[in-house]
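Observations on the three-dimensional arrangement
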Protein chains: 2
Amino acid sequence: MKHRIYLDHAATTPLDKRVLKEMQPYFSEKFGNAGSLHFWGTEAREAVERARGEIAKAINAKPEEIIFTSGGTESDNLALQETVYPNRKKGNHIITTSFEHHAVLHTVQFLEKDGFEASCLPVTKEGFVELEEFEKALTAKTILASVMHANNEIGTIQPIAKIGEVCREKGILFHTDAVQTVGKEKIDVEKMNIDLLSASAHKFYGPKGVGFLYVRQGTKIHPLVHGGGHERGLRSGTENTPGIVGMASALKFAVKEMDKENARLKKLRNRLIDGCLGINDSWLNGGREPRLAANAALGFDFVEGESMVLMLSDKGIAASTGSACSTKSLEPSHVLRSLGLPHVKCHGSLRFTLGKDTKASDIDYVVKSLPPIVERLREISPLHKGVDLSEFEEDVEHVHEH
Amino acid sequence: MKHRIYLDHAATTPLDKRVLKEMQPYFSEKFGNAGSLHFWGTEAREAVERARGEIAKAINAKPEEIIFTSGGTESDNLALQETVYPNRKKGNHIITTSFEHHAVLHTVQFLEKDGFEASCLPVTKEGFVELEEFEKALTAKTILASVMHANNEIGTIQPIAKIGEVCREKGILFHTDAVQTVGKEKIDVEKMNIDLLSASAHKFYGPKGVGFLYVRQGTKIHPLVHGGGHERGLRSGTENTPGIVGMASALKFAVKEMDKENARLKKLRNRLIDGCLGINDSWLNGGREPRLAANAALGFDFVEGESMVLMLSDKGIAASTGSACSTKSLEPSHVLRSLGLPHVKCHGSLRFTLGKDTKASDIDYVVKSLPPIVERLREISPLHKGVDLSEFEEDVEHVHEH
């Protein structure tokens, strides 16, 4: 391939080479088990606690409020599964939104089978949760609300500080899946009244297989994984020292470079959106603002997203139809459905998410490469022009992706 | 420090540099999300599936029977927590042993609170589970047995093939925590009739933060972590590609070098045991055979294990009192207690676990360094000579380590 243009940073990011360099000593030299009493153990423990302190500072938390996990999905599961049982006497009602990541939605569905009740808030067609809707859903039995900070597919940023304020007033635990925003948007768990926050290192140029859950001091929570009692008994298992060091390092760089990088990305992103919207029968999924600086979620009539992704890949361009977790599913994106988009229109989605290495010339190459791809796919599409798309509504079989 | 002699390989091992080299491309170059449709995703998916195949082959399993996790503790939790509920109609009885790792014991205790009944088998004073005891514990309601392959503190190897055979005959699920044996002892899940097997990469020179659970085809099991449906729906979360590649690479080297390395280690280990037993009032914890080639678990009267570990550390030697997870606990090791050792004798334990870099000269340095340490500690010990140790039996406060 002549070009290698990776525009799928919402799925995962490359490990920053500066981060890898900081991780390096912890692989084969300072490799001790942070639980060991000897020199090797102490060395590892110090690195883990230093990382904990740095991460806490980045989101205005206390070090002891950071629990290391294996990633965002585990963090979401720990936050949801393990706070509702200790609060069950208070109530059994959970509020979430219809366009959360599956790590939240499927966990909530699992809890529903065990007797919890859940309200899945609708979102506007621009992709925003409304405070009014949130307040309407509150009941005397509500114990937990989980609203994502930014949506992973369409990048729209939710009014979580306002929702946090309401939750605080009502004494309801507030969790936010911030997997797409940690290192990309400013987060202050105090100002935003967040009780639980999930993050994943590989989304901000850190290593895969490591994440954290912020848990506000005093929150009743049980472990999901039992064992040696690591992480104050909340998450057993030998600490992944290089991973934890790498996560802290990556967050440090991300926070430092955030403002400048976001301004740069937003310009490129808008250039990409505007370029793509030059193709007829296309649209932007989700409102343009407030939206993650790197996200361009587009839709094209009469064409399959998967086919666009594959043809772009042949041209050396990485894009996606939506969440990487669901790419092998035939079911249309639940995120796009939540915007009120008909099935047939959901199938024509194409998400570009920019990153640190994205250059203006990359954007120009994409804007040049996409129209002939869309044109060619439309030529072979049975849905092309003249067909009334509304006829196809609701005719797609629901296939569960598990 | 002039010397740096790491003899705590049961706690964790350094990442093999050959393994790191094989992981390297997957950090920042072949960094795609294995769930993505495009070239970057396919590249990662291929690496993950190649690793799965290699790992499966190493234990005579099928690739689809390997579920990647974040490590041994998570594997144990998934194996135990998520097989008993789907089998609850059949029965509610679990058999395990009194000297399992806390990842098993604490999970079983958690299940007991939820209505399951557990039998904790006694072990002999040599540290072996007896088939007779196992058969005595069986009831019509037994649905699951969990017996570790080798004990993490004393290294004794359990008759798991025989236990597996009984379980197969009775239609009982058989789990083994093989965290200490994968890559160190031959494992054949077919011959040994194992249904579920836990492993952790960092115990065999692979990376921290990654492990696997073998799950025999057809086993009823639910996910512990819900989400995007990765790992056939059994373990959601973006695949840790470099970690998985590293685990497969480490296992490949470990299996290839196993016989030769075990013969070498056993010689050194016996030299270490015999040298240490030259100190008076000392003993070997657990029978000498069958025992992991690298394990020397010793005991010394009138001296605290923690003090020995710290003084050895000052001499540049890493040892431990037992499990790294429990080093900060004041409670005496449940493993040593299970051998029938009185409290006061459990406190004098010292575990050396050798590894690939251990040389004969290291052993000689330890054998030379230890006697003056023991002597000095005994001089300041209130328990020293003349005191009847049996008086101290059961006088140690139980402090929970969580």
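Small disclaimer: the values here were computed from a predicted structure and weren't measured. (Residues numbered from 1 in each chain as written. Chains lettered and ligands numbered in written order. Predicted model: local features only at pLDDT ≥ 70, side-chain atom pairs only at ≥ 80, totals over all residues. Heavy atoms only, no water.)

Notes on unusual backbone geometry
Omega for the peptide link from Glu 289 of chain A to Pro 290 of chain A comes to -10°, which places this bond in the cis form. As for its position among the elements, Pro 290 of chain A is in the loop between β9 (282–284) and β10 (295–300). In the Ramachandran plot, Tyr 205 of chain A falls in the positive-phi region, its phi being about 70° despite a non-glycine side chain. Exposure remark for Tyr 205 of chain A: the relative accessible area of 12% places this residue in the buried category. Despite not being glycine, Asp 281 of chain B has its phi angle at roughly 55°, a positive value. On the secondary structure map, Asp 281 of chain B appears in the loop between α8 (241–276) and β9 (282–284). Among the residues examined, Asp 281 of chain B registers a relative accessible area of 30% and is labelled partly exposed. (Helix = DSSP H or I, 4+ residues; strand = E, 2+ residues; numbered from the N terminus. Buried < 20%, exposed > 50% of the residue type's maximum accessible area, 1.4 Å probe, protein only.)

Some thoughts on the domain arrangement of chain A
Residue and element names in this part refer to chain A. Annotation of chain A at the domain level lists domain 1 (5–11 + 259–401) and domain 2 (17–254). Once you take the C-alpha centre of each, domain 1 and domain 2 turn out to be 28 Å apart. Between domain 1 and domain 2, the residue contacts involve 29 residues of the former and 30 residues of the latter. With both chains or domains summed, domain 1 and domain 2 bury close to 2,300 Å², and 50% of this area falls on carbon and sulfur atoms. In terms of surface lost to domain 2, no three residues of domain 1 exceed Leu 292, His 334 and Leu 339, which account for 25% of the buried area on that side. The interface formed by domain 1 and domain 2 holds one salt bridge in total. Ionic pairing is found between Asp 259 and Lys 186, a salt bridge with its closest N-O pair at 2.9 Å. (Domains from an automatic or database assignment. Contact = heavy atoms within 4.5 Å. Buried area = accessible area lost by both parts, 1.4 Å probe. Salt bridge = Lys/Arg side-chain N within 4 Å of Asp/Glu carboxyl O.)

Some details on the sheet that holds strand β6 (residues 173–177) of chain B
Two modes of strand pairing occur in sheets, parallel and antiparallel, and in both the strands are linked by backbone hydrogen bonds. All names here are of chain B. Taken in spatial order, the seven strands of this open sheet run β2-β8-β7-β6-β5-β3-β4, and their pairing is mixed. The two strands at the open ends of the sheet, each matched to only one other strand, are β2 (66–69) and β4 (117–121). Ignoring strand direction, the axes of neighbouring strands in this sheet form an average angle of 20°. Packing of helix α3 (residues 39–58) onto the sheet brings it into contact with β2 and β8 (211–215), and relative to β2 it is tilted by some 115°. Where helix α5 (residues 102–113) meets the sheet, it contacts β3 (93–97), β4, β5 (142–146) and β6, and its direction lies at approximately 155° from that of β3. (Pairing = 2+ DSSP bridges. Axes fitted to C-alpha atoms, helices over the stretch in contact; angles between N-to-C directions.)

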